Amino acid sequence: MASRLIDDDPALAHEHALAASRSAGRVAIVRETVAITAYATGDFALALRELRTHRRISGSDEQLPLIVDSERGVGRPDRALEEGRAVDRSTLPTAVRAQLAIAMSGARLDLGELERALQELDIPEADPDRAFDWSPALFAARAAVLEELGRHEEAAEWFRRAEIAADALDAAAGVADREVIVVEEIDLIDDEGGVDVASGVVPMQGEDEDEGEER
């Protein structure tokens, strides 16, 4: 129920998660769900507490981006950066690395470190010629930083790339659901789920597809 409701009614989703925690508080996914719904309602302090409990129970760092962003939410961007630097990023799933880069860039923006905010986004996953589930958010984050730097033409280009990536991914999802779809912008969908886009901006691969799914 929390998963069904979180987009439309995060407060009610949070109530369901809290109800689950009262009967299954030692189950990692329950604590993770409480954290995610708390974050969605803006209760960043509770989100942090639950995320740390989830990490302790599960041993997983996959919610590290949410930990970093929750530290930002309680007004501790310095602590957010410390959290992000404390983990070897090469050990993280690709989607988590991309999400962490966005969160770390946001913490740099909070501190007024605009150039370093841009540097945080200079990761291999920001390849403008490929698109995965995380690509629209990653491209849009880069555009937002470029806007802050006054580099408006570059920002507009990255916002455009974000839109194209999102459209290509939506079209590819439609193909997966219905097997056949006609979208003028897409030339080819290959055997691996890759999307070739007429603009040359974004193909998508199936690699790490499951990792990029949100709970």
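You'll find the structure just up there.
A short tour of the structure in this document, coming up. (Residues numbered from 1 in each chain as written. Predicted model: local features only at pLDDT ≥ 70, side-chain atom pairs only at ≥ 80, totals over all residues. Heavy atoms only, no water.)

1. Thoughts on the overall build of the protein chain
Looking only at helices and strands, the protein chain has 10 helices and two strands in total. Each helix (α) and strand (β) of the protein chain, taken in turn from the N terminus, gives the series α-α-α-α-α-α-α-α-α-α-β-β. Of all 215 residues assigned to the protein chain, the portion counted as buried reaches 43%. Residue pairs at least 24 apart in sequence account for 52% of intrachain contacts in the protein chain once pairs closer than 6 positions are excluded. Accessible area of the protein chain: about 11,500 Å², with a carbon and sulfur share of 46%. (Helix = DSSP H or I, 4+ residues; strand = E, 2+ residues; numbered from the N terminus. Buried < 20%, exposed > 50% of the residue type's maximum accessible area, 1.4 Å probe, protein only. Contact = heavy atoms within 4.5 Å. Areas by Shrake-Rupley, 256 points an atom, 1.4 Å probe, with all protein chains shown as cover.)

2. Quick notes on the packing of helix α4 (residues 44-58) against helix α5 (residues 64-73)
Taken N-terminus to C-terminus, the directions of α4 and α5 make an angle of 150°; their axes are 9 Å apart at the nearest point. Between α4 and α5, the angle is such that the two are roughly antiparallel. As α4 runs across α5, the sense of the crossing is left-handed. For the pair α4 and α5, contact is made by Phe-44, Ala-47, Leu-48, Leu-51, Arg-52 and Arg-55 and by Leu-64, Leu-66, Ile-67, Ser-70, Glu-71 and Gly-73, respectively. When grouped by side-chain class, the residues that make up the contact of α4 with α5 number seven nonpolar, two polar and three charged. (Axes fitted to C-alpha atoms, helices over the stretch in contact; angles between N-to-C directions. Parallel < 35°, antiparallel > 145°, perpendicular 65-115°, else oblique. Left-handed = near helix turned anticlockwise from the far one by under 90°. Nonpolar A, V, L, I, M, F, W, Y, C, P; charged D, E, K, R; others polar.)

3. Describing a negative patch on the surface
A cluster of acidic side chains, namely Asp-7, Asp-8, Asp-9 and Glu-15, defines a negative patch on the protein surface. The residue Asp-7 is located in the loop between α1 (2-5) and α2 (10-24) in this model. Residue Asp-7 is classed as exposed on the basis of its relative accessible area, which comes to 71%. (Patch = residues over 30% accessible without salt bridge, like charges linked within 9 Å, V, L, I, M, F, W, Y side chains within 5 Å. Salt bridge = Lys/Arg side-chain N within 4 Å of Asp/Glu carboxyl O. Lys, Arg positive; Asp, Glu negative; His and termini not counted. Charge placed at Lys NZ, Arg CZ, Asp CG, Glu CD.)

4. Points about the environment of Glu-148
Relative to the helices and strands, Glu-148 is located in helix α9 (residues 135-148). The exposure class of Glu-148 is exposed, given its relative accessible area of 51%. In this structure, the C-alpha to C-alpha distance between Glu-148 and Glu-115, residues 33 residues apart in sequence, is 9.7 Å. What Glu-148 contacts, discounting residues up to four positions off in sequence, is Leu-109 and Leu-114.

5. Thoughts on the pattern of salt bridges
If you walk through the whole model with that rule in mind, you get 20 salt bridges. Between Arg-52 and Glu-71 there is a salt bridge, with its nearest N and O atoms 2.5 Å apart. You can see Arg-52 sitting in helix α4 and its partner Glu-71 sitting in helix α5, a full 19 residues away along the chain. Among the residues examined, Arg-52 registers a relative accessible area of 32% and is labelled partly exposed. Residue Glu-71 is classed as buried on the basis of its relative accessible area of 1%. One salt-bridge network, in which partners are shared between bridges, spans Arg-52, Arg-55, Asp-61, Glu-71, Arg-76, Arg-79, Glu-82 and Glu-83.

6. Some points on the side chain of Ser-70
Mapped onto the elements of the fold, Ser-70 is located in helix α5. Ser-70 sits in the buried class, given a relative accessible area of 0%. In this view, Ser-70 contacts Tyr-39, Phe-44, Ala-47, Leu-48 and Leu-51; residues no more than four positions away in its chain are not counted.

7. Brief notes about the packing of aromatic side chains
Inspection of the entire model under this criterion finds three aromatic pairs. Taken together, a centroid distance of 5.5 Å and an interplanar angle of 70° make the contact between Tyr-39 and Phe-44 edge-to-face. Taking 4.7 Å as the distance between ring centres and 5° as the angle between the ring planes, the aromatic pair formed by Phe-132 and Trp-134 counts as stacked. The two residues Phe-132 and Trp-134 agree in class, both being buried. A cation over a ring is seen here: Arg-142 above Trp-158, with NZ or CZ 5.2 Å from the ring centre. (Phe/Tyr/Trp six-rings, centres within 6.5 Å; stacked < 30°, edge-to-face > 60°. Lys NZ or Arg CZ within 6 Å of the ring centre and 35° of its normal.)

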